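# Tertiary structure, described
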Amino acid sequence: MIVFCHLLNDRSGSPTVLRSTIAALAPDHAAQLYIGSQGRGVLEDTGVPLRRYWYRRSQHRLVTMVTFFASQIALYRALLRARDIPADATVFVNTLLPIGAMLWGRRSGRRVIVHVHEVSITPAPLRRVLLRCAAGAADRLLYVSGDHLARLPIAGPPAEILPNPIAPALRDRAAAAPGYAPRRSGRFEVLMLASLRGYKGIEEFMALAAAFQARDDIRFVLVLNAEPAEVAAFGARHPQAGNVALHPRSDDPAAFYATADLVLNLSRPDQWIETFGLTLAEAMIFGIPVIAPPVGGPAEIVTDGREGYLIDSRDAAALATALQRLADDPGLALAMSLAARQRAEAFTFENYAANLQRILAELPPPRTGGTPA
């Protein structure tokens with residue numbers, strides 16, 4: 001059996017990757033999924049039994065910290081009380097946050113895999129706690145890129161780089177969609193999917209759109225991983241952004257990729273390092289050129305000038321130049337589209353699943369002497 005554990009279920013990258021992980025492993029293994037009680041997202045329909053443990057977020061950072069640790073006590077107790085988890089089960093911890101699962105797995109003698117997704121962890125005391133728990137509990141650490149491993153090394157457990165996969169359903173949608181053609185929606189469409197956080201470059205996106213307000217042939221689309229009311233409030237702060245279409249979180253990102261001409265990831269390198277950049281790989285399987293940060297995981301996905309451009313989002317002039325070049329040169333856009341689609345083939349679900357099965361088979365046997373659950 002594999003016991004998957006995650007904290008916040010939404011439509012962001014880490015639960016999306018966990019859904020692919022479950023799809024890769026659950027057909028061959030009995031499975032359970034433990035997730036926090038707050039949040040509804042991509043993990044609702046994985047097909048494995050779902051168990052929720054208490055969790056609440058707050059707008060106040062200190063309160064959120066308190067509720068986080070309370071949630072991990074709740075997770076530990078939920079696992080401790082479970083009577084249907086065999087002693088040889090593997091605990092698959094998604095992100096560094098479910099430390100209750102790490103500690104329970106270690107204490108009970110079960111094998112623990114920690115799939116690390118984050119790199120920018122604050123405050124520092126929380127970072128130390130998370131890293132110490134992972135170092136002491138994990139039998140194997142999984143990282144999503146080489147840069148990720150270099151930036152957040154955890155001494156002790158063996159580590160492996162396993163790039164995130166493109167979900168088969170999305171790949172199938174891309175294969176069925178018409179081939180990339182510049183301005184297929186009638187205008188050059190610039191798309192970004194991001195969380196409603198400043199470090200994700202949403203203000204830089206709005207500033208870039210403002211620089212092209214005189215171009216009626218260029219349209220900007222921003223899909224925010226947020227509720228409609230939150231998106232409306234963000235839009236109210238930008239009343240002049242007439243060339244920007246704002247959307248709340250979506251269950252169907254393929255519908256946006258299908259008409260986009262360019263996809264952006266504008267995460268600020270001084271505030272947030274992307275460990276992978278899943279929306280970039282997803283866009284590229286649709287044959288869409290991309291603009292990505294020049295550091296972190298995106299720099300391992302994108303070659304500057306080939307599938308798109310690597311540009312620091314704080315360099316507004318460089319962003320505008322690259323966008324205008326692609327908008328005004330259909331031949332360049334088509335060449336980058338072809339290169340993007342070819343590059344995206346490296347991130348297949350089949351490769352990901354095969355590597356996960358291998359990693360699971362290579363785990364040591366369960367530790368003896370653990371405290372029974």
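Our subject in this report is the structure included herewith.

Axis separation between helix H2 (residues 61-81) and helix H4 (residues 124-137) bottoms out at 12 Å; the angle between their running directions is 15 degrees. Regarding the angle of H2 to H4, the classification is roughly parallel. The interaxial crossing formed by H2 with H4 has left-handed handedness. Contacts from Met 65, Phe 68 and Phe 69 of H2 reach H4 at Leu 126, Val 129 and Leu 130.

As a further point, take the nonpolar core. By size, the foremost hydrophobic cluster in this structure holds 56 residues, and its most contacted members are Phe 4, Leu 191 and Tyr 257. Beyond its immediate sequence surroundings of up to four residues, Leu 191 is in contact with Phe 205, Val 221, Val 223, Phe 256, Tyr 257, Ala 260, Leu 262, Val 263 and Leu 264. Core analysis: the second largest hydrophobic core is formed by 39 residues, Val 91, Ala 101, Val 119 and Leu 141 among them.

A few words now on the packing of aromatic side chains. This model, assessed by the stated rule, comprises 7 aromatic pairs. Their ring planes at 50 degrees and their centres at 5.6 Å tell us that Phe 4 and Phe 92 sit as a pair that is tilted. Note that Phe 4 is positioned in strand S1 (residues 2-5) and Phe 92 in strand S4 (residues 90-94), a separation of 88 residues in sequence. Its relative accessible area of 1% is what places Phe 92 among the buried residues. Considering the side-chain rings of Tyr 199 and Trp 272, the 4.7 Å spacing of their centres and the 20 degrees angle between planes classify their relative orientation as stacked.

A separate point is the sheet that holds strand S6 (residues 140-143). Strand order in the open sheet formed by 7 strands is S3-S2-S1-S4-S5-S6-S7, with parallel pairing between adjacent strands. For this open sheet the edge positions go to strand S3 (50-53) and strand S7 (159-161), each flanked by a neighbour on one side alone. If you compare each strand with its neighbour and ignore which way they point, the axes differ by 20 degrees on average. Pairing between strand S2 (residues 31-36) and S3: 4 bridges, direction parallel. Bridge pairing in S3 places Tyr 34 opposite Arg 51. Running at roughly 160 degrees to S4, helix H3 (residues 99-107) makes contact with S1, S4 and strand S5 (111-115) of the sheet.

Analysis parameters
- Residues numbered from 1 in each chain as written.
- Predicted model: local features only at pLDDT ≥ 70, side-chain atom pairs only at ≥ 80, totals over all residues.
- Heavy atoms only, no water.
- Axes fitted to C-alpha atoms, helices over the stretch in contact; angles between N-to-C directions.
- Helix = DSSP H or I, 4+ residues; strand = E, 2+ residues; numbered from the N terminus.
- Parallel < 35°, antiparallel > 145°, perpendicular 65-115°, else oblique.
- Left-handed = near helix turned anticlockwise from the far one by under 90°.
- Contact = heavy atoms within 4.5 Å.
- Core = buried A, V, L, I, M, F, W, Y, C linked by side-chain atoms within 4.5 Å.
- Buried < 20%, exposed > 50% of the residue type's maximum accessible area, 1.4 Å probe, protein only.
- Phe/Tyr/Trp six-rings, centres within 6.5 Å; stacked < 30°, edge-to-face > 60°.
- Pairing = 2+ DSSP bridges.

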